[in-house]
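In case you want the letters, here they are:
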Amino acid sequence: MSAITDDKRRIWDISQRLRPGLPVWPGDTKWAQERTWLMEDGSPVNVSKLTMTTHSGSHADAPLHYAADGIDAAAMDLAPFIGECLVVDARGAGSEVGVGDLPHIESADRVLFRTFDSFPHEEWGSNFTAIAPETIEWLALQGVRLIGTDAPSVDPQDSKSIAAHKAVLEADMRILEGLVLDDVPEGRYELIALPLKVVGGDAAPCRAILRELP
Ligand SMILES: N[C@@H](CC(=O)c1ccccc1NC=O)C(=O)O
Ligand SMILES: [Zn+2]
Ligand SMILES: [Zn+2]
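Residues numbered from 1 in each chain as written. Chains lettered and ligands numbered in written order. Predicted model: local features only at pLDDT ≥ 70, side-chain atom pairs only at ≥ 80, totals over all residues. Heavy atoms only, no water.

## Quick notes on the coordination of the zinc ion (ligand 2)
Here comes step 1: Taken together, the protein donors to the zinc ion (ligand 2) comprise His 55 (ND1), His 59 (NE2), Asp 61 (OD) and Glu 177 (OE), at separations of 2.1 to 2.2 Å.
Here comes step 2: The coordination sphere of the zinc ion (ligand 2) comprises six donor atoms, whose angles at the metal cover 78 to 173°; the geometry is octahedral.
Here comes step 3: For the zinc ion (ligand 2), the donor residues sit on a single chain with the sequence spacing H-x3-H-x1-D-x115-E.
Here comes step 4: The zinc ion (ligand 3) is placed at 3.4 Å from the zinc ion (ligand 2), the two being bridged by Asp 61. Remark: Glu 177 occurs in strand S10 (residues 174–177) and Asp 61 occurs in strand S4 (residues 59–61); sequence separation between them is 116 residues.
Here comes step 5: For Asp 61, a relative accessible area of 0% gives the class buried.
Here comes step 6: Note on Glu 177: relative accessible area 2%, which makes it buried. (Donors = N, O, S within 2.8 Å, 3.2 Å for Na, K, Ca; no water. Tetrahedral: all angles 85-135°; square planar, octahedral: opposite > 155°, others 65-115°. Helix = DSSP H or I, 4+ residues; strand = E, 2+ residues; numbered from the N terminus. Buried < 20%, exposed > 50% of the residue type's maximum accessible area, 1.4 Å probe, protein only.)

## Comments concerning the UniProt feature "active site" (unreviewed entry) in the protein chain
Here comes step 1: The UniProt record annotates "active site" (unreviewed entry) at His 65.
Here comes step 2: With respect to the helices, strands and loops of the structure, His 65 is situated in the loop between S4 and strand S5 (82–89).
Here comes step 3: Those residues within four positions of His 65 in sequence are excluded, and the remaining contacts are His 55, His 165 and Asp 202.
Here comes step 4: Looking at His 65, its side chain comes within polar contact range of the side chain of His 55, at 3.4 Å. (UniProt positions renumbered as here; feature names shortened; annotations may be inferred. Contact = heavy atoms within 4.5 Å. Polar contact = N/O pair within 3.5 Å; in protein donor to acceptor, adjacent residues only side chain to side chain.)

## Here we look at a nonpolar patch on the surface
Here comes step 1: A cluster of nonpolar residues, Trp 37, Val 45 and Val 47, forms a patch on the protein surface that exposes about 280 Å² of accessible area.
Here comes step 2: In this fold, Trp 37 is placed in strand S2 (residues 32–37).
Here comes step 3: For Trp 37, a relative accessible area of 51% puts it in the exposed group. (Patch = residues over 30% accessible without salt bridge, like charges linked within 9 Å, V, L, I, M, F, W, Y side chains within 5 Å. Areas by Shrake-Rupley, 256 points an atom, 1.4 Å probe, with all protein chains shown as cover. Salt bridge = Lys/Arg side-chain N within 4 Å of Asp/Glu carboxyl O.)

## Brief notes about the coordination of the zinc ion (ligand 3)
Here comes step 1: Around the zinc ion (ligand 3), the protein supplies Asp 61 (OD), His 165 (NE2), Glu 177 (OE) and Glu 177 (OE) as donor atoms, at distances of 1.9 to 2.7 Å.
Here comes step 2: Each of the six donor atoms bound to the zinc ion (ligand 3) contributes to angles spanning 51 to 164°, and the resulting shape is irregular.
Here comes step 3: When the donors of the zinc ion (ligand 3) are listed by position in the chain, the intervening gaps give D-x103-H-x11-E.

## Topic: helix H3 (residues 163–171)
Along an α-helix, residues three or four positions apart point the same way, because every turn accommodates 3.6 residues.
Here comes step 1: Along H3, the positions that sit buried rather than exposed are Ala 164, His 165, Ala 167 and Val 168. Relative to the axis of H3, the buried residues are bounded by an arc of 160° and lie together on one face.
Here comes step 2: Where H3 terminates, the next one or two residues include Asp 172, which has phi positive at roughly 50°. (Arc of directions from axis to C-beta.)

## Things to note about the pairing of strand S9 (residues 146–149)
Here comes step 1: On S9, burial covers both faces: Leu 146 and Gly 148 on one face and Ile 147 and Thr 149 on the other are all buried.
Here comes step 2: Where strand S7 (residues 110–114) meets S9, four bridges bridge the pair, whose relative direction is parallel. Note on S9: the bridge partner recorded for Arg 110 is Leu 146.
Here comes step 3: With three bridges connecting them, S9 and S10 associate as parallel partners. Looking at S10, one finds that Gly 148 is bridged to Leu 176.
Here comes step 4: Assessed by its sense of winding, the connection that carries the chain from S9 through H3 to S10 is right-handed. (Pairing = 2+ DSSP bridges. Right-handed = clockwise from strand over helix to strand, strands pointing away.)

See the structure below:
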């Protein structure tokens, strides 16, 4: 029996399906696919072209997104994106997750927030729950290195200060946005969510999963 099938730990795929019609930030690049080589036309293979925003679906922001001199997706260390995490049910937090919405959090390196009752797979929602900058500062003081959310941003859609992203920058934390956490009970899991190695990328899509801890 291969080691792959031996590992019976449950896996939750917390990634959005990348497809035409994928909801994107208003004004951002829509997801598009085009076949460039077709077997039906005699090509030995099918090949496609993708047009997409770096912030497509479940993705990791790079510091370059919120700091002109920030590092890009290809330069980010991978350690924050692999390891034990805590999933927190923050539904009902309202416009933003405040420190008062947090459970007692001890020794968490990574915290993922669920804010949707049901993830909006088919339509863009502008009134998503952001994360208050004070919450990010507090989590940084607890040693948290990565913050994830099912929302499309840690800041409100109309934010001009992007104070939550700036708090992340100050603490040199990492961000995952657009996760799908509907089927994930609160608790501790192994997170694996590796950003594509996009040189110059201000963000990069991830195939994000959670796995039962050993
Ligand atoms: N996922 C992005 C959303 C974002 O910031 C954004 C994406 C496209 C165009 C503009 C954006 N932000 C503010 O104007 C974020 O990191 O928050
Ligand atoms: Zn983003
Ligand atoms: Zn962001």
